[in-house]
Amino acid sequence: MASGTAIRAIVTGASRGVGRGIAEALGEIGSAVVLSGRDEVALAATAASVTSLGGRGIAVRCDHRDDAQTEALFARALAELGGLDLLVNSAWGGYENMSEAGEFTWPRPHWEQPLWRWDAMFTSGVRAAYACSRLAARAMVPQKRGLIVNVSHWAAQKVQGNVAYGVAKAATDRLSADCAHELRGHGVSVVSLYPGLVRTEKVMESAAFLDLSNSESPRFTGRAVAALARDGDVLRHSGRALVAARLARDYGFTDMDGSQPRALTKAES
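(A) Fine view of the sheet that holds strand β9 (residues 241-243). Here we have 7 strands laid out as an open sheet, ordered β3-β2-β1-β4-β7-β8-β9, and parallel in their pairing. Looking at the sheet topology across the chains shown, the edges are occupied by β3 (56-61) and β9. Across the sheet, the axes of successive neighbouring strands diverge by a mean angle of 20°, strand direction being ignored. By the bridge criterion, 3 bridges tie strand β1 (residues 8-11) to strand β4 (residues 86-89) in an arrangement that is parallel. Bridge pairing in β4 places I10 opposite L87. Most of the contacts of helix α1 (residues 17-28) go to β1, to which it runs at about 170°, and overall it touches β1, β2 (32-37), β4 and β7 (146-151).

(B) Region of the structure containing the pairing of β1. Burial along β1 is two-sided: R8 and I10 facing one way and A9 and V11 facing the other are all buried. Sheet topology note: the β1/β2 ladder contains 4 bridges and is parallel. By the bridge assignment for β2, A9 is matched with V33. Note on the crossover from β1 through α1 to β2: the handedness is right-handed.

(C) Broad picture of the nonpolar core. In this structure, L26 and L86 are the most contacted members of the largest nonpolar core, which totals 34 residues. When residues of this core are assigned to their parent elements, the largest contribution, 7 residues, is made by helix α7 (residues 218-229). Leave out the neighbours within four places in its chain, and L86 touches I7, R8, A9, I10, L26, M140, L147, V149, V225 and A229.

(D) Geometry of the packing of aromatic side chains. Under the counting rule described, the total for this entry stands at 8 aromatic pairs. On the basis of an interplanar angle of 75° and a centroid distance of 6.1 Å, the ring pair of W92 and Y165 is categorised as edge-to-face. Of this pair, W92 sits in the loop between β4 and β5 (99-100) while Y165 sits in helix α5 (residues 163-183); the two residues are 73 residues apart in sequence, bridging distant segments of the chain. For Y165, a relative accessible area of 6% puts it in the buried group. Relative to Y165, the ring of Y95 has its centre 6.2 Å away and its plane inclined at 50°; by these criteria the two rings are tilted. Pair noted here: Y95 is in the loop between β4 and β5 and Y165 is in helix α5, with a separation of 70 residues, a long-range link. Lying across the ring of W92, K169 places its NZ or CZ 3.8 Å from the centre.

(E) Seen up close, the pattern of salt bridges. Enumeration over the complete set of coordinates arrives at 15 salt bridges. Residues R223 and E28 are paired through a salt bridge, measuring 2.9 Å at the closest nitrogen-oxygen approach. Note that R223 is positioned in helix α7 and E28 in helix α1, a separation of 195 residues in sequence. Of the residues examined, E28 reaches a relative accessible area of 30% and is grouped as partly exposed. Residue R249 pairs with D250 through a salt bridge whose shortest N-O separation is 3.5 Å. Given the relative accessible area of 54%, R249 is considered exposed. In the salt-bridge network here, residues are joined through shared partners; they are R20, E24, E28, R219 and R223.

Calculation notes
- Residues numbered from 1 in each chain as written.
- Predicted model: local features only at pLDDT ≥ 70, side-chain atom pairs only at ≥ 80, totals over all residues.
- Heavy atoms only, no water.
- Pairing = 2+ DSSP bridges.
- Helix = DSSP H or I, 4+ residues; strand = E, 2+ residues; numbered from the N terminus.
- Axes fitted to C-alpha atoms, helices over the stretch in contact; angles between N-to-C directions.
- Contact = heavy atoms within 4.5 Å.
- Buried < 20%, exposed > 50% of the residue type's maximum accessible area, 1.4 Å probe, protein only.
- Right-handed = clockwise from strand over helix to strand, strands pointing away.
- Core = buried A, V, L, I, M, F, W, Y, C linked by side-chain atoms within 4.5 Å.
- Phe/Tyr/Trp six-rings, centres within 6.5 Å; stacked < 30°, edge-to-face > 60°.
- Lys NZ or Arg CZ within 6 Å of the ring centre and 35° of its normal.
- Salt bridge = Lys/Arg side-chain N within 4 Å of Asp/Glu carboxyl O.

All quantities given are derived from atomic positions and should not be read as evidence of function.
Below, the structure is given as structure tokens:
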């Protein structure tokens, strides 16, 4: 999919969690990765890790709730990279304070949920992905190639977690499908990607409430992105919601410990 040997990528929300894992996996295959996030210290650590793994990590502090900052990020990335092969929309909000006073508040009914959780998911998540996709498409359409990956979840298709989460993920999948429809004729692919239960920092804070027996490292999702980015026929996937663990079976990659987590179905997730 990418020209030359190095994939030129932007990964949003790369300070920690899934975004960091994706950036690091792209580093494993020698990619040049511009990383965005709000935590400068964590972002610098991710960039250093990407570089140590064999890629080139470029940290750019960016609050994707601010359109001017997002536009500046893309301007710098295109200048530094000389083009763009891959955008991963991993910036997200809403996972803050999942546990309060020892209680796991995430699954509360919508009338007991704080409105900030909805706002965080849509402003920092869905809207940010839309804004970034617009800018990425402007770079990818003239070159007739590119891949946009929107990190999503099974909650888009079934009741899981809470109302705001399900609606936000359903919106993310619709964003992928509709953008894919418009970009297919230009050779640009857009997919949603479903991780399983990922052992992010926030998830591990609530580990006592969770079954981690079939969980995944953040790097595992990243290896799914790396496999898609190197697939010369990735357009066949465009518009679809893909499961990271199923891609592991199809492309033959494993998690960091050599395991291959079981791909959950809609009924199991």
